[in-house]
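Listed below are the residues making up each chain.
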Amino acid sequence: MKTKESYLRQLPSVDELLKEDTVLKWLEKSPRALVLDALRMAIEEKRRFVLKTHEAKDLQPLALSLESEGIINRAEEILNTLTQLSLRPVINAAGVIVHTNLGRSILSQNAVKNIEAVAKGYSNLEYDIEKGERGKRYAHVEKLLCRLTGAEAGFVVNNNAAAVLIALNTIAQNKEVIVSRGELVEIGGSFRIPEVMERSNAKLKEVGTTNKTHLKDYEKAVNDNTALLLKVHTSNYKIVGFAKEVSIAELVGLGKKRNLPVMFDLGSGCLIDLRKYGIEGEPAVSESVNAGADIITFSGDKLLGGPQAGLIVGKKKYVDMIVNNPLARAIRIDKLTLAGLEATLMEYLDEDRAVKNIPTLTMLCQPISEIEKKAEYIADGLRAVSNRFEVSVIDETSQSGGGALPLTNLPTKVVAILPKGLSAAAFEELLRKNNLPIITRIKEGRILLDPRTIQRDELDAVVNSIKGIAERL
Ligand SMILES: *Cc1c(COP(=O)(O)O)cnc(C)c1O
């Protein structure tokens, strides 16, 4: 009969394991330091296991797992987690298109191609090829932005929060900015208009009430220290009922009368008129340009469907002032983003192409018949393992997300899975912790997979992953 001590003595050393073929193979792919960590952790785990087992005879059935092979198997699992990148792809089956936690927008193929091309080699980021001299990084997108929005000038920074910050700081430092109380928004927990305003050194002058603000409220608040009239699109909520907000056109009228610039923080910034596709509530940027707004700010990665960026368009006089603010350098856009943004904007030159090629728009405008086809495809695949769960396709709604279109529920068809002998919460966790994580939602004890946000080339991976999980149950 073996004693606990003999089990302990028998545990292989790291040096011994390093001679094993399997481990030598790992070293070809993985950093030596991580291989050593994995081996040490696996050995230590086994040693502790032996120590905490009361009787040596209880170890006998597990003896194999204490030998080199058993330890190598465990070390491989540990190595896999150690070498896994922290930021990695997931499947969005939650049906929220611009999902803030899941990276907001996914890029068009052309955007991805252009990012790769620019990332791989040198580029003319700040070089004018015609003249053979230094050029401007912003020149790559300014003309496109002007063409797509009708604005005189355009500029880009690294996100819309930065766009708002620099615009306020440039135009209203140490001066007053008039904003409606109903528009003092908070976006995603950390962007709050009053706080950004404070950091920009502009002074907030609230007018009106939560539900109603009239033009005369702005008018009364104007004084010698007023620098700007600001309108903020209430992206992620809507005040309904007994409510009144002042339109951008009315504010522009007041601005003209009192010789004050007018800024509109649009948030999402749609470049096409979504009403054509039956989606109300998100104004196109060009409408605000036409209404005469002097500065308009919006995100690159919300409904626009490009990379994270802050876009600023408007009157040349103000855009030039913003470009020349020293803060611009601190919040400048990087070349990969610029590459993705230019290619995304290019798609918009032809609206049909934009809707076809930009995933955010494709998902938003997807006909229900196509969503249903994807749902049936997934459901059919899963029925092969239906002894583990009940599968059905049911009516549900998807959401735009990204703090846009808060009241729009997009009709969709989801795959509903009712697991057998397992709670929905436990099943949701297995999906989430899958090698390729699948993010779902639970409703009334069922897991819902919304195919609207599952890309065509992800369908098989979804089916196979769920089958794999079901088979291991
Ligand atoms: C989303 C949003 C912002 C912040 O934009 P980011 O791209 O997240 O920096 C600012 N203002 C409004 C109205 C928004 O909706």
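With that settled, the discussion passes to the packing of helix α6 (residues 109-120) against helix α15 (residues 335-347). It is at 8 Å that the axes of α6 and α15 come closest, and there the two elements cross at 145 degrees. In this structure, α6 crosses over α15, and the sense of that crossing is right-handed. Residues Asn110, Ala111, Asn114, Ile115, Val118 and Ala119 of α6 pack against Lys335, Leu336, Ala339, Gly340, Ala343, Thr344 and Glu347 of α15. Along the lines of polarity and charge, the residues of the contact of α6 with α15 split into 7 nonpolar, 4 polar and 2 charged.

This paragraph deals with empty space enclosed by the protein. Empty space among the atoms becomes apparent when a probe as large as a water molecule is rolled across them. A complete count under the given rule lists 1 cavity of 30 Å³ or more for this structure. Surrounding the largest cavity, Lys2, Tyr7, Gln10, Ala63, Leu66 and Glu67 form its lining. Along the lines of polarity and charge, the residues of the lining of the largest cavity split into 3 nonpolar, 1 polar and 2 charged.

Next up on the list: the pairing of strand β15 (residues 409-419). Counted residue by residue, β15 has 8 buried out of 11 residues, so it is predominantly covered. The sheet contact formed by strand β14 (residues 389-401) and β15 spans 11 bridges and is antiparallel. When the bridges of β15 are listed, Thr397 appears paired with Pro411. Sheet topology note: the β15/strand β18 (residues 446-449) ladder contains 3 bridges and is antiparallel. Pairing of Ile417 across the sheet is with Ile447, part of β18.

Here we take up the site of the ligand. In the vicinity of the ligand, 13 residues are found, and the nearest of them are Arg104, Ser235, Asp265, Ser299 and Lys302. Measuring from an oxygen atom of the ligand, one finds a side-chain N or O atom of Arg104 at 2.7 Å. Between an oxygen atom of the ligand and a main-chain N or O atom of Ala161, the distance comes to 2.8 Å. When the free accessible area of the ligand is taken as 380 Å², the share hidden by the protein chains comes to 95%. When atoms are counted within 2 Å of each cavity's grid points, the one that captures over half of the ligand is the second largest pocket. Looking at the shell around the ligand, the elements that each hand over two or more residues are α8 (160-172) and β11 (262-267).

Glancing now at the domain arrangement of the protein. Taken domain by domain, the protein comprises domain 1 (4-83), domain 2 (91-99 + 364-472) and domain 3 (108-357). For domain 1 and domain 2, the distance between their C-alpha centres works out to 38 Å.

Read across the open sheet, the 7 strands follow the order β5-β13-β12-β11-β10-β6-β9; overall the sheet is mixed. Two strands lie at the open edges of the sheet, namely β5 (153-157) and β9 (203-207), each paired on one side alone. Geometrically, the sheet is characterised by an average inter-axis angle of 25 degrees between neighbouring strands, direction not taken into account. Two strands pair when backbone bridges link them, and β5 and strand β13 (residues 310-314) are joined in this way by 5 bridges, in the antiparallel orientation. When the bridges of β13 are listed, Phe155 appears paired with Ile312. Contacting β5, β12 (295-299) and β13, helix α13 (residues 316-323) crosses the sheet at an angle of about 30 degrees to β5.

Rules used throughout
- The residue numbers shown here count from 1 along each chain, following its written sequence.
- In keeping with the predicted nature of the model, local features appear solely for residues at pLDDT of at least 70, side-chain atom pairs appear and are counted solely at 80 or more, and the whole-chain, interface and lining totals rest on all residues.
- Remark: hydrogens and water are excluded; side-chain values derive from all non-hydrogen atoms of the structure.
- To obtain each axis, a line is fitted to C-alpha atoms, and for helices this fit is confined to the stretch in contact; angles are then taken between N-to-C directions over 0 to 180 degrees.
- Helix and strand definitions follow DSSP, with helices as H or I runs of at least four residues and strands as E runs of at least two, each counted in order from the N terminus.
- It is the rotation of the near helix from the far one that decides the hand of a crossing: anticlockwise by less than a right angle makes it left-handed, clockwise makes it right-handed.
- We call two residues in contact whenever any of their non-hydrogen atoms come within 4.5 Å of each other.
- Classification convention: Asp, Glu, Lys, Arg as charged; Ala, Val, Leu, Ile, Met, Phe, Trp, Tyr, Cys, Pro as nonpolar; all other residues, Gly among them, as polar.
- Cavities and pockets are defined on a 1 Å grid built over the protein atoms alone: a cavity is a set of grid points where a 1.4 Å probe fits but cannot escape, while a pocket is an open set with protein on both sides within 12 Å along at least five of seven lines, and lining residues are those with an atom within 4 Å of any such point.
- Grid points are joined across faces, edges and corners, and a volume is the space filled by probe spheres set on the points.
- Burial classes follow relative accessibility: with a 1.4 Å probe on protein chains only, a residue under 20% of its type's maximum area counts as buried, one over 50% as exposed, and anything between as partly exposed.
- Two strands qualify as a pair provided DSSP detects at least 2 bridges between them.
- Residues are classed as near a molecule or strand on a simple rule: at least one heavy atom within 4 Å of it.
- Whenever two N or O atoms come within 3.5 Å, that pair is a polar contact, provided that in protein one can donate a hydrogen and the other can accept it, and provided that, for residues adjacent in sequence, both atoms are side-chain atoms.
- Accessible areas in this description were obtained via Shrake-Rupley with a 1.4 Å probe; residue shielding takes into account the shown protein chains only.
- Assignment to a cavity or pocket requires that more than half of a molecule's atoms be within 2 Å of the site's grid points.
- Residue ranges assigned to each domain were obtained from an automatic or database domain assignment.

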